[in-house]
Amino acid sequence: MKKTVKQAYKQAPWRIQIQRFGFIALALVGGTIIAFLYLNISAQSATAGIKIQQLESKRANLENENASLLTEWARLTSAIEMEKRALASGYQLVDPEDVIYIVVEGYTGKELPEIETVSSVIGSTSPIIKPSYTQSLWEWFYEYILIPDSNLKVLP
Amino acid sequence: MNHDNFFIRVRVIQVVIAVIAAVIVAQMVRIMITGSDLVSPDTRFETIYPERGKIYDRNGNVLAGNRVVYEISVNLNSVNTNQNQDQIIQTLFNVIGKDYSEKILSAQAYNAGQPDPDKRIYYLVLDDFIDPEKINYLEGYLQEYAEKRQDKKTARKLPALNLNGLEWWPHLVRTYPESSLASNVIGFVAFNDRTSPAYYGIEEEYDDLLKGNVQTIEISDDPNKMKEIPDIPPGGSLILTIDRQLQKSVENILDNAVRSTGSQSGVIIVEDPRTGEILAMASNPRMDLNNYADELAKFPEMGSFNRAIGVPYEPGSVFKVITMASALDSGTVTPSTTFNDTGSITIGSTVIRNWNGGAWGLQDMQGCMQHSLNVCLSWIAQKMDVELFYQSLTNFGIGKSSNIDLAGEIIYPLSYPGDTYWSLSNLGTNSFGQGLATTPIQMITAVSAVANGGKIMTPHIVKATIQDGVTYEYTPQVMLTPISEETAKTLTEMLAKSLELEASNALVEDYNVAGKTGTGEIAIPGQGYVTELTNASFVGWGPADDPQFLVYVWLEKPTSDRWGSIVASPVFADVVRQVVIYMNIPPDDIRMQLYANE
């Protein structure tokens with residue numbers, strides 16, 4: 001009868017300790033990397049958000065300034081001001097008898113003025129920052145892993 | 001032994017690191033799960049007012065725009081009695097010229113006595129509508145102060161300036177670059193109250209469109225919540241049918257006429273009868289819209305802000321145009337129908353006489369209009385019969401809204417047979433514009449049928465709206481068709497000839513115009529009609545063969561002369577001389593030549 005011999009051995013205790021230490025260190029390094037990435041993304045998100053706030057504020061100020069300048073320009077070219085300037089420049093109001101009428105081929109009269117409008121994007125209430133910058137890991141896990149179909153509802 | 005100690009130390013380090021890591025992970029998980037509450041973002045609700053839409057004239061000149069002003073406030077959490085309060089008060093006094101100490105102190109006193117933190121005042125508005133110049137001065141002052149503080153030579157003499165908590169925010173308010181021009185048409189916005197509605201004219205009528213979508217949103221200082229700030233589009237803008245230059249000319253003419261005739265007030269309307277576009281609408285008095293609070297006293301009576309749409313009056317003989325048009329169109333009379341004027345006619349209980357009390361003998365319809373014979377027109381109304389006469393007035397829109405797109409139109413209902421205040425006498429008096437009341441806009445709208453081949457176009461003052469960058473042009477619409485094209489042409493020829501034959505003051509060199517004067521007597525309660533007080537009017541249009549403009553003039557209670565033919569007719573001529581220039585209408589002979597060459 002053939003006997004099977006099994007060799008019994010045990011790792012040296014110091015090896016076991018080193019292994020355990022290595023696993024914990026690995027976990028910590030992994031955790032640190034994840035934390036670093038997470039904080040990095042969060043910091044980028046916050047920086048982007050602050051920059052957007054600043055740009056929003058700057059845009060609002062520019063829009064206000066535009067509105068003010070347009071109105072100031074309108075005041076400077078108002079009917080009364082223009083008449084004053086015209087008279088000061090030596091012009092005079094036309095006498096109906098002095099008007100000369102000529103035929104201009106193709107002229108169909110004054111058309112509606114083209115007025116430029118600085119229009120905001122209509123209905124732009126969609127997120128300015130991508131969801132990936134604002135979602136917590138839990139939200140991401142819930143929406144993308146647990147209930148993947150919900151992506152359709154979340155994405156802009 | 002040393003070996004064991006080594007492992008014990010390693011184990012202790014492991015445990016410590018694991019605990020720290022566990023705490024960090026637990027904290028991260030807690031922040032992620034409980035969200036932003038832990039980082040306590042400063043969220044607040046704020047009402048966003050979009051830029052109010054602008055108002056342009058038909059050539060793109062701005063009649064109503066917006067300008068920046070500033071709100072000055074303090075965050076009371078950052079204002080401390082012992083530290084910066086006095087500096088804030090002193091700085092504002094130096095720059096703005098006002099002492100805000102009482103406001104700040106009373107708010108702080110209130111907070112001190114308020115146990116509920118939610119009811120305390122944290123954000124105190126000190127002032128609003130501050131001109132940008134003052135804010136520029138404030139910013140320059142602060143910059144200069146900071147530079148001096150950095151300079152070693154001057155730094156020692158200056159104390160540190162701590163203005164923490166002092167804030168200033170820009171926002172837009174309405175402004176009117178043309179001041180009083182077309183003020184009666186535009187109306188105004190009470191700029192010192194952003195929640196207040198607009199008043200009168202275009203501003204009130206189109207308030208919803210102009211102000212845009214006011215939204216209250218939650219604003220957070222958490223940068224991650226930027227997605228919640230919506231991009232609010234500005235309010236819609238309007239392009240009016242008004243021509244700024246023509247409006248100004250017409251206002252000048254009106255003001256001069258009111259002054260020279262000693263009138264109490266006046267109105268001039270210029271319309272393109274082919275489209276219903278109002279090219280100019282002047283009402284006297286007017287006001288500087290940028291100073292509405294002080295100038296509103298000019299308008300004590302209801303509707304007087306824009307008398308063209310808000311003050312009904314007995315128009316007098318200009319109304320004969322409606323009566324004659326109705327009679328011609330119904331076949332009751334023809335231009336050659338004759339009437340023997342004996343100087344009076346009795347209708348109901350009223351004896352009706354002519355304007356001069358005279359008898360004009362045998363007259364055709366041309367003569368009746370030329371001499372403005374009350375007796376003749378009363379006879380015509382009688383001949384038409386009550387039902388047909390009032391049906392005709394209804395067809396012209398008398399007693400109803402003109403549908404003009406301006407807020408504040410007043411309608412004086414017409415009394416019909418069967419009404420309490422109607423008697424047969426009304427048939428006679430109504431035929432020559434007495435015993436009824438209309439506004440100038442209702443009169444010009446009715447008469448536009450004669451000037452536009454029988455069709456009344458809906459009068460309108462907005463030519464186009466601009467929303468989200470897209471321009472929507474108004475399409476002219478036929479409102480009523482009270483008479484035929486033939487009737488309109490016939491009556492226009494009759495009235496043009498009338499002006500020529502009587503060498504009217506309304507005649508304009510080189511242009512053939514048609515029109516009718518009116519002198520309406522004014523009834524005073526308790527005294528009846530007073531001869532000395534009249535409403536002088538004129539309605540006219542031209543060129544008679546191809547009407548392109550329609551002008552209505554009303555001078556209220558002129559004192560230089562009571563007759564419309566004397567005071568209102570020359571005003572019409574003055575207006576037409578300007579209208580033909582701005583509308584590029586050449587004199588008749590040149591126009592005919594141009595037509596022939598085409």
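Residues numbered from 1 in each chain as written. Chains lettered and ligands numbered in written order. Predicted model: local features only at pLDDT ≥ 70, side-chain atom pairs only at ≥ 80, totals over all residues.

Secondary structure summary: chain B contains 21 helices and 22 strands in total. For 598 residues, the compact-globule estimate of 2.2 N^0.38 gives 25 Å, and the C-alpha radius of gyration of chain B, at 36 Å, exceeds that figure by more than 25%. Counting only C-alpha atoms, chain B reaches 145 × 60 × 55 Å along its principal axes. By residue count, 43% of the 598 residues in chain B fall in the buried class. Taking contacts inside chain B between residues at least 6 apart in sequence as the whole, the part at least 24 apart equals 73%. (Helix = DSSP H or I, 4+ residues; strand = E, 2+ residues; numbered from the N terminus. Rg over C-alpha atoms; globule rule 2.2 N^0.38 Å. Buried ≥ 20, exposed ≤ 12 C-beta atoms within 10 Å, placed from the backbone. Contact = placed C-beta atoms within 7 Å.)

With that out of the way, let us pick up the overall build of chain A. In terms of helices and strands, chain A carries five helices and zero strands. For chain A, the succession of helices and strands along the chain, N to C, is α-α-α-α-α.

Residue and element names in this part refer to chain B. Read across the open sheet, the five strands follow the order β11-β10-β22-β21-β20; overall the sheet is antiparallel. Both outer strands of the open sheet, β11 (277-284) and β20 (514-524), are each paired with one neighbouring strand and no more. Shown here is a sheet whose adjacent strand axes are inclined to one another by a mean of 10°, direction ignored. Packing against the sheet, helix α9 (residues 244-261) makes contact with β10 (265-272), β11 and β22 (549-556), and its axis sits at approximately 35° to β11. (Pairing = 2+ DSSP bridges. Axes fitted to C-alpha atoms, helices over the stretch in contact; angles between N-to-C directions.)

This brings us to the nonpolar core. Residue and element names in this part refer to chain B. I268, V270, V513 and V551 are the most contacted members of the largest nonpolar core, which has 129 residues in total. The biggest single contributor to this core is helix α17 (residues 440-451), with eight residues. Shared between two domains, this core takes at least three residues from each, and those domains are domain 2 (45-238) and domain 3 (244-597). Core analysis: the second largest hydrophobic core is formed by 15 residues, Y70, L92, L126 and L172 among them. (Core = buried A, V, L, I, M, F, W, Y, C linked by C-beta atoms within 7 Å. Domains from an automatic or database assignment.)

With 53 residues of chain B at the contact, the number on the chain A side is 47 residues. When grouped by side-chain class, the residues that make up the side of chain B that touches chain A number 30 nonpolar, twelve polar and eleven charged. (Nonpolar A, V, L, I, M, F, W, Y, C, P; charged D, E, K, R; others polar.)

All names here are of chain B. With domains assigned, chain B is organised as domain 1 (2-37), domain 2 (45-238) and domain 3 (244-597). With 26 residues of domain 2 at the interface, the matching set in domain 3 holds 25 residues. Only α6 (183-186), α7 (201-205) and β9 (237-240) provide two or more residues apiece to the side of domain 2 that touches domain 3. Classifying every residue of the side of domain 2 that touches domain 3 by side-chain character gives eleven nonpolar, eleven polar and four charged.

Residue and element names in this part refer to chain B. With their axes 7 Å apart at the nearest point, helix α14 (residues 374-384) and helix α16 (residues 424-431) run at an angle of 130° to one another. Classified by the angle their axes make, α14 and α16 are oblique. Judged by the sense of rotation from one axis to the other, the crossing of α14 with α16 is right-handed. Between α14 and α16, the contacting residues are L377, S378, I380, A381 and Q382 on the first element and L427, G428 and S431 on the second. Tallied by class, the residues present in the contact of α14 with α16 amount to four nonpolar, four polar and no charged. (Parallel < 35°, antiparallel > 145°, perpendicular 65-115°, else oblique. Left-handed = near helix turned anticlockwise from the far one by under 90°.)

What follows deals with unusual backbone geometry. Residue and element names in this part refer to chain B. Look at the link from N284 to P285: it is a cis peptide, with omega at 10°. Structurally, P285 is set in the loop between β11 and α10 (292-295). A cis geometry characterises the amide bond from G542 onward to P543, with omega recorded as -15°. Examined against the element boundaries, P543 turns out to sit in the loop between β21 (528-542) and β22. Of note, the phi angle at N403 is positive, near 70°, even though the residue is not glycine. Tracing the backbone through its elements, the reader meets N403 in the loop between α15 (386-395) and α16.

Residue and element names in this part refer to chain B. Viewed as axis vectors pointing N to C, helix α12 (residues 320-330) and α14 meet at an angle of 40°, and their least axial separation amounts to 10 Å. For the element pair α12 / α14, the angle class is oblique. Seen along the crossing, α12 lies across α14 with a hand that is left-handed. Counting all contacts with α12, which are made through K320, T323, S326, A327 and S330, the residues of α14 involved are L377, I380, A381 and M384. Class assignment for the residues of the contact of α12 with α14 results in five nonpolar, three polar and one charged.

Another point: the pairing of β9(B). Looking along a regular strand, one sees the side chains alternate between the two faces of the sheet. All names here are of chain B. Neither face of β9 is exposed, since S237 and I239 on one face and L238 and L240 on the opposite face are all buried. Both strand β2 (residues 55-56) and β9 contribute to a ladder of two bridges, which runs parallel. Its bridge partner being in β9, I55 is matched across the sheet by L238. Summarising the sheet, β9 and strand β17 (residues 462-467) pair through four bridges and their orientation is antiparallel. In the strand pairing of β17, S237 is matched with I466.

Further remarks concern the confidence of the model for chain B. Residues and elements named next belong to chain B. Of all residues in chain B, 95% have pLDDT values of 70 or greater, and the mean over the chain is 90. Long-range and interchain partners of residues 36-41, a stretch whose pLDDT sits below 50, account for six contacts in this model, where long-range means more than four residues apart. The ipTM value of the predicted complex is 0.76, and its pTM value is 0.83. (pLDDT = per-residue confidence, 0-100.)

In this section: the environment of A:W14. Locating A:W14 in the fold gives a position in helix α1 (residues 13-76). For the pair A:W14 and A:L93, spaced 79 residues apart in the sequence, the C-alpha separation amounts to 108 Å.

This paragraph deals with the environment of B:V173. Residues and elements named next belong to chain B. As for its placement among the helices and strands, V173 is situated in strand β5 (residues 166-175). Residue classification places V173 among the partly exposed positions, given that 16 C-beta atoms sit within 10 Å. Separated by 105 residues in the primary sequence, V173 and V68 place their C-alpha atoms 6.4 Å from one another. Each residue touching V173, except ones within four places of it in the same chain, is listed here: N66, R67, V69, F129 and F191.

What follows covers the environment of B:K298. Residue and element names in this part refer to chain B. Note that K298 resides in the loop between α10 and α11 (307-310). The class of K298 is exposed, set by 12 C-beta atoms lying within 10 Å. Apart from the residues lying within four places of it in its own chain, the contact partners of K298 are P285 and M287.

The next point concerns the confidence of the model for chain A. Residues and elements named next belong to chain A. For chain A, the average pLDDT comes to 78, and 79% of its residues sit at 70 or higher. Of all the helices and strands in chain A, helix α5 (residues 151-154) carries the lowest mean pLDDT, 42, while helix α2 (residues 79-88) carries the highest, 93. Per-residue pLDDT stays below 50 along residues 119-127; that stretch engages in 15 contacts with residues further than four places along the chain or on separate chains. Note that pLDDT drops below 50 for residues 150-156; the model gives that stretch seven contacts with residues more than four away or on any other chain.

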